[in-house]
Amino acid sequence: MTNQEMLSHVDHTQLKAFATWEDILKLCDEAVEFGTASVCVPPCYIKRIHDTYGDKLNICTVVGFPLGYSVTAAKVAEVEAALADGCNEIDMVVNISDVKNGLFDKVEEEIRALKAACGEHVLKVIIETCYLTEEEKIAMCKAVTQAGADYIKTSTGFGTDGATKEDIELFKANIGPDVKMKAAGGVSTVEDLEMFLALGCERIGTSRAVGLLKGEQTSGY
């Protein structure tokens, strides 16, 4: 796979709490230059990015991020505001407390509500694998599938661990045929990019991909 083919699967990401407009401009300029799948940015920057770049960029943002325990109505409101500002893709965090309490039907209902708010726009569901047992991960694969979401995603990048080969293999064995996979968190080498794409991930969330493929030393999400 060529560098350009790999970058076409990357959600080029800048989600630090202290990200400045200059940081966002750098991210967006790189995304345009290198043809990444999207930029994944804080909600507060969506409108400014859309006003600056128009249709040159596919804008992705996060909802209920990074801890997931906002009430569903708040997450729906976040989705509606993001789409109104010009966002195309939503990466939501599930209510991890509900998952740990075994309230899988409730989690599924929330995902379904956010997918309804997204309509034809892409919804990716972050289940934060680092906090879940294998049984809970399988339950989330089923919930994401049954709720009609577009993607299941491993991690926020703010938890105790990120994407792993084992979790992607577990996803692949338990999601429905219409659900795609996104690996995120800790993707730190070109070999990581190649591995996750070879495992069947349609998207990879990372701030490092452009630098890695340019041969630079990188750090971050």
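Quick caveat, the model's predicted, so the values are computed rather than measured. (Residues numbered from 1 in each chain as written. Predicted model: local features only at pLDDT ≥ 70, side-chain atom pairs only at ≥ 80, totals over all residues. Heavy atoms only, no water.)

Colleague: What's the story with the sheet that holds strand 2 (residues 38-41) in this structure? I'm lost.
Modeller: The pairing of strands in a sheet happens through backbone hydrogen bonds and is either parallel or antiparallel. Strand order in the closed barrel formed by 8 strands is 1-2-3-4-5-6-7-8, with parallel pairing between adjacent strands. On average, each strand axis in the sheet is inclined to that of its neighbour by 25 degrees, with strand direction left out of account. Here strand 1 (residues 10-13) pairs with strand 2 via 3 bridges, running parallel. In the sheet register, Thr-13 faces strand 2, and the bridge partner there is Cys-40. Seen against the sheet, helix 2 (residues 21-34) touches strand 1 and strand 2 and runs at an angle of roughly 165 degrees to strand 2. Packing against the sheet, helix 9 (residues 190-198) makes contact with strand 1, strand 7 (180-184) and strand 8 (203-206), and its axis sits at approximately 150 degrees to strand 8. (Pairing = 2+ DSSP bridges. Helix = DSSP H or I, 4+ residues; strand = E, 2+ residues; numbered from the N terminus. Axes fitted to C-alpha atoms, helices over the stretch in contact; angles between N-to-C directions. Contact = heavy atoms within 4.5 Å.)

Colleague: Help me understand the environment of Leu-103, please; the structure alone is not making it clear to me.
Modeller: Its place among the elements puts Leu-103 in the loop between helix 5 (96-100) and helix 6 (104-118). Owing to a relative accessible area of 38%, Leu-103 belongs among the partly exposed residues under this scheme. Between the C-alpha atom of Leu-103 and that of Asp-150, which follows or precedes it by 47 residues, the distance is 21 Å. (Buried < 20%, exposed > 50% of the residue type's maximum accessible area, 1.4 Å probe, protein only.)

Colleague: Would you mind going over helix 2 with me for this structure?
Modeller: Count 3.6 residues to each turn of an α-helix, and residues three or four apart come out pointing the same way. Helix length check: helix 2, at 14 residues, gives a terminal C-alpha distance of 20 Å against a target of 20 Å (1.5 Å per residue), a fit within 8%. Along helix 2, the residues that are buried comprise Trp-21, Ile-24, Leu-27, Cys-28, Glu-30, Ala-31 and Phe-34. Packing partners of the buried residues in helix 2 comprise helix 1 (3-7), strand 1, strand 2, helix 3 (46-53) and helix 10 (209-213). Following helix 2 by one or two positions, Gly-35 adopts a phi angle in the positive range, close to 70 degrees. (Expected span 1.5 Å × (residues − 1).)

Colleague: I keep staring at the pattern of salt bridges and nothing clicks. Help me out?
Modeller: Oppositely charged side chains can form a pair if their charged atoms are brought close together. Applying the stated criterion across every chain, the model contains 17 salt bridges. Taking the shortest distance from any N to any O, the salt bridge between Asp-91 and Lys-124 comes out at 3.0 Å. With a gap of 33 residues between them, Asp-91 in strand 4 (residues 89-93) and Lys-124 in strand 5 (residues 122-126) connect regions that are remote in the sequence. Residue classification places Asp-91 among the buried positions, given a relative accessible area of 0%. The buried category is assigned to Lys-124, whose relative accessible area is 0%. (Salt bridge = Lys/Arg side-chain N within 4 Å of Asp/Glu carboxyl O.)

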